[in-house]
Amino acid sequence: MANEQDRQPARDPQDLERLLIARQWAGDIDGMVALFEPDAVIDSGEKDLTHGREAIRALFAEIIATGRKFQRGEQRPAAINGDLALTSTRLPDGTITTEVARRQADGTWLWVIDRYSVAW
């Protein structure tokens, strides 16, 4: 697992997915959580949304404990409007994810909303 000083920030919203997958494969839960704003929300398709970094940390710990690995997919170019970006990826199983990222004061990007699947 990497320590905070070794973690590269997302300088482009397109970096977020790559960083999330690399950190998940390495078992770096804190590094995964660091890609989200403190009040971010994840819609993993479960009954309730996951709000905030502590809940996101618990969700990722649960996923890692199962041994499930996130898969790389085909990213669409981010749709950027000012300090907001819409990112999306088609996964190998055909699932499409969507996320909203926000540019931070230092120019890096963090996710604010993450939806695992746009199908319902």
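Residues numbered from 1 in each chain as written. Predicted model: local features only at pLDDT ≥ 70, side-chain atom pairs only at ≥ 80, totals over all residues. Heavy atoms only, no water.

### Structural notes on the overall build of the chain
- When its secondary structure is counted, the chain shows three helices and seven strands.
- Helices and strands in the chain line up, N terminus first, as α-α-β-β-α-β-β-β-β-β.
- Taking 2.2 N^0.38 as the reference for a compact globule, 120 residues should give roughly 14 Å; the C-alpha atoms of the chain span a radius of gyration of 13 Å, in line with that estimate.
- Out of the 120 residues in the chain, the part that is buried amounts to 38%.
- A separation of at least 24 residues holds for 45% of the contacts in the chain among residues at least 6 apart in sequence.
- Of the roughly 7200 Å² that the chain leaves accessible, carbon and sulfur atoms contribute 51%.
- Counting 15 positive and 20 negative side-chain charges, the chain places the averaged centre of each group 3 Å from the other. (Helix = DSSP H or I, 4+ residues; strand = E, 2+ residues; numbered from the N terminus. Rg over C-alpha atoms; globule rule 2.2 N^0.38 Å. Buried < 20%, exposed > 50% of the residue type's maximum accessible area, 1.4 Å probe, protein only. Contact = heavy atoms within 4.5 Å. Areas by Shrake-Rupley, 256 points an atom, 1.4 Å probe, with all protein chains shown as cover. Lys, Arg positive; Asp, Glu negative; His and termini not counted. Charge placed at Lys NZ, Arg CZ, Asp CG, Glu CD.)

### Remarks on the nonpolar core
- Judged by nonpolar contacts, the single largest core of 22 residues is most densely connected at L20, F36, F60 and F70.
- The set of elements that each furnish at least two residues to this core consists of α1 (15-25), α2 (29-33), β1 (36-43), α3 (52-66) and β7 (109-115). (Core = buried A, V, L, I, M, F, W, Y, C linked by side-chain atoms within 4.5 Å.)

### Topic: the pattern of salt bridges
- Inspection of every chain in the model, using the stated rule, returns seven salt bridges.
- Close ionic contact of D43 with R115 constitutes a salt bridge, the shortest N to O distance being 2.8 Å. Residue D43 is located in strand β1, and its partner R115 is located in strand β7; the two are separated by 72 residues in the primary sequence.
- Overlapping salt bridges, with partners in common, bring together D30, E54 and R57 in one network. (Salt bridge = Lys/Arg side-chain N within 4 Å of Asp/Glu carboxyl O.)

### Focus: α1
- Burial analysis of α1 places eight of its eleven residues in the buried class, the great majority of the element.
- Every buried residue of α1 is accounted for by D15, L16, E17, L19, L20, I21, R23 and Q24.

### Topic: α3
- The terminal C-alpha atoms of α3, which comprises 15 residues, lie 22 Å apart, in line with the 21 Å expected from a rise of 1.5 Å per residue.
- Restricting attention to buried positions, one finds in α3 the residues G52, I56, L59, F60 and I63. For α3, the angular spread of buried residues about the axis comes to 95°, placing them on one side. Exposed residues lying more than 90 degrees from the buried face of α3 are E54, E62 and A65.
- Buried residues belonging to α3 abut α1, α2, β1 and β2 (50-51).
- Once α3 ends, the next one or two residues include G67, with phi positive near 85°. (Expected span 1.5 Å × (residues − 1). Arc of directions from axis to C-beta.)

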